[in-house]
Amino acid sequence: MRHRPSRSSLRTTGGRRSCGIGGLRTSVLAVLGLLLALLVPQAPVASAATVTPPQIYGAWHCGDDACTWGTVRGVSAFDSMNHWLVDRGDGRPSVNLVVLSFVEPQRLLHRANDATTVDGVPRGMTRDIVQYFTSRGIRVMLSIGGITYTDEWDAALAEDAARLGRNAAAVASDLGVGIEIDYEQNTAPDLAGLQSFIDAYRAVHPYDASGADPAARLTIDTAAGDRWLIGINRKATADWLRTDRPVLDYANAMVPARQPSTSSAIANWQEHVDGKPTYSPPVPPLAPAKFTGAVYISDQTKSLPECVDFANSLQKSTGSYVQSVAPNGAGVSSGMLGHMFWAAERPSTRGTGTQPPGTCEGGVGAGATAYGIPLPMPPLRQG
């Protein structure tokens, strides 16, 4: 609701109103002024921003081998390196989503079996690891691609995009997980092939607004802002992330090349909300309810506050924006879906990532408490 500025009533200045001619003239002028004020539209006072609590608070997970997931791990050993994800210190998980990263597209297309892969899926992405998270109310997805596998995405789409989509759907059904599209082709992406992949996946797992079917969750990654992966971002925003006829559940605005400042993170995310009308063809605006924003939690040389110190973290300093950014041409509700974190355990062969002693209860976990992150993840806003 918008509020008009309050107007004071006519008041005397000395305790009693004068009844002489001068007083009468003053009264008449005051009444005329009041009538004029009533007739001239008043500028409304901006209403307080609507705050929408985050629904998604998740981490990409790279296993212990820089995102290969090439070996089977026992649950006990896995827990010793990742317990912070399922326990922020009070028995509650630190996140409500984990995205196991990455599945190689060509191996998935051919349902390959080799030293690191079983039926097209990395050997470490086992049913036991999925259940380690889902048994605690944490949603699990598999990410196909990543920057390392851009050429493999191109080749798989060119060979048989529809079969790749059907194979992804079958894996999702088998493991009870969702699928994330991480196709980082900045130059001439195969959008027709990606459309065929999505169509084939959705033929098996139709869009499910309730979120009840884990395998129906199908998402896509875009760049931090609108100035990279432009073709994929434009196509996704225009055709797959619309609120009136949604195809994909949402997008993740990925991390930039290095950890951003608060202002640069917000500026990147605002580009998605605004779109790029001056581009040819233009990039349309994206509804805030259709994307998350990402920050780093692991570094090759040092601990980050996003992992260990919520009070000084980006998830805290950007929290007000994430919860209240208003639509600007798409969608009707304020607030993004939430935050994503890159990345749990060891995303690089250097450094310790988030393995003990550098675990993230004090950053990610404390943020889950501060924001009241829902567990399990509820049905996502559709507006």
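One can find the structure itself at the top, above this paragraph.
Residues numbered from 1 in each chain as written. Predicted model: local features only at pLDDT ≥ 70, side-chain atom pairs only at ≥ 80, totals over all residues. Heavy atoms only, no water.

In this section: the packing of aromatic side chains. Tallied over the entire structure, the rule returns 11 aromatic pairs. Centre to centre, the rings of F78 and F133 are 5.8 Å apart; their planes meet at 85°, and the pair counts as edge-to-face. Highlighted residues: F78 in helix α2 (residues 75-86) and F133 in helix α4 (residues 127-134), separated in sequence by 55 residues. When its relative accessible area of 0% is taken as the criterion, F133 is described as buried. An aromatic cluster of three or more residues is present, and its members are W69, F78, Y132 and F133. A cation sits over an aromatic face here: R136 above Y132, 4.6 Å from the ring centre. (Phe/Tyr/Trp six-rings, centres within 6.5 Å; stacked < 30°, edge-to-face > 60°. Helix = DSSP H or I, 4+ residues; strand = E, 2+ residues; numbered from the N terminus. Buried < 20%, exposed > 50% of the residue type's maximum accessible area, 1.4 Å probe, protein only. Lys NZ or Arg CZ within 6 Å of the ring centre and 35° of its normal.)

Turning our attention to the sheet that holds strand β2 (residues 97-103). One key point about sheets: their strands pair by backbone hydrogen bonds, in either a parallel or an antiparallel sense. The eight strands are arranged β1-β2-β5-β6-β7-β8-β9-β10 in a closed barrel whose pairing can be described as parallel. When strand polarity is set aside, the average angle formed by the axes of neighbouring strands in this sheet is 30°. Lying over the sheet, helix α12 (residues 361-371) contacts β1 (56-61) and β10 (338-344), oriented at roughly 165° with respect to β1. (Pairing = 2+ DSSP bridges. Axes fitted to C-alpha atoms, helices over the stretch in contact; angles between N-to-C directions. Contact = heavy atoms within 4.5 Å.)

Its 13 residues place the ends of helix α8 (residues 262-274) 18 Å apart at the C-alpha level, agreeing with the 18 Å of an ideal helix rising 1.5 Å per residue. The inward-facing, buried residues of α8 contact β7 (218-222), α7 (230-240), β8 (251-253), β9 (291-296), α11 (319-324) and β10. (Expected span 1.5 Å × (residues − 1).)

With that out of the way, let us pick up unusual backbone geometry. With an omega dihedral of 15°, the bond running from S101 to F102 counts as a cis peptide bond. Looking at where F102 falls in the secondary structure, it is placed in strand β2. With a phi angle near 60°, A66 is a residue other than glycine that sits in the positive phi range. Tracing the sequence through the fold places A66 in the loop between β1 and α2. On the basis of relative accessible area, A66 is assigned to the partly exposed category, the value being 26%. Despite not being glycine, D119 has its phi angle at roughly 55°, a positive value. Position of D119 among the secondary structure elements: in the loop between β3 (117-118) and β4 (121-122).

So, about the pairing of β7. In the case of a regular strand, side chains alternate between the two sheet surfaces. For β7, the tally of buried residues reaches five of five residues, placing the bulk of the element in the interior. Going residue by residue along β7, you find L218, I220 and T222 tucked away on one face and T219 and D221 tucked away on the opposite face as well. Taking the sense of rotation as the criterion, the β-α-β connection linking strand β6 (residues 178-182), helix α6 (residues 191-204) and β7 turns out right-handed. Note: β7 against β8, three bridges, orientation parallel. Residue pairing across strands places I220 opposite A251, the latter belonging to β8. Read as a crossover between parallel neighbours, the route from β7 over α7 to β8 is right-handed. (Right-handed = clockwise from strand over helix to strand, strands pointing away.)

Attention now moves to the packing of α6 against α7. Two elements in contact, α6 and α7, have axes separated by 11 Å at closest approach and are oriented at 45°. Relative to α7, α6 is oriented oblique. The two elements α6 and α7 cross, and the hand of that crossing is right-handed. Contacts from L191, L194, Q195 and I198 in α6 reach G231, I232, K235 and W240 in α7. Class assignment for the residues of the contact of α6 with α7 results in five nonpolar, two polar and one charged. (Parallel < 35°, antiparallel > 145°, perpendicular 65-115°, else oblique. Left-handed = near helix turned anticlockwise from the far one by under 90°. Nonpolar A, V, L, I, M, F, W, Y, C, P; charged D, E, K, R; others polar.)

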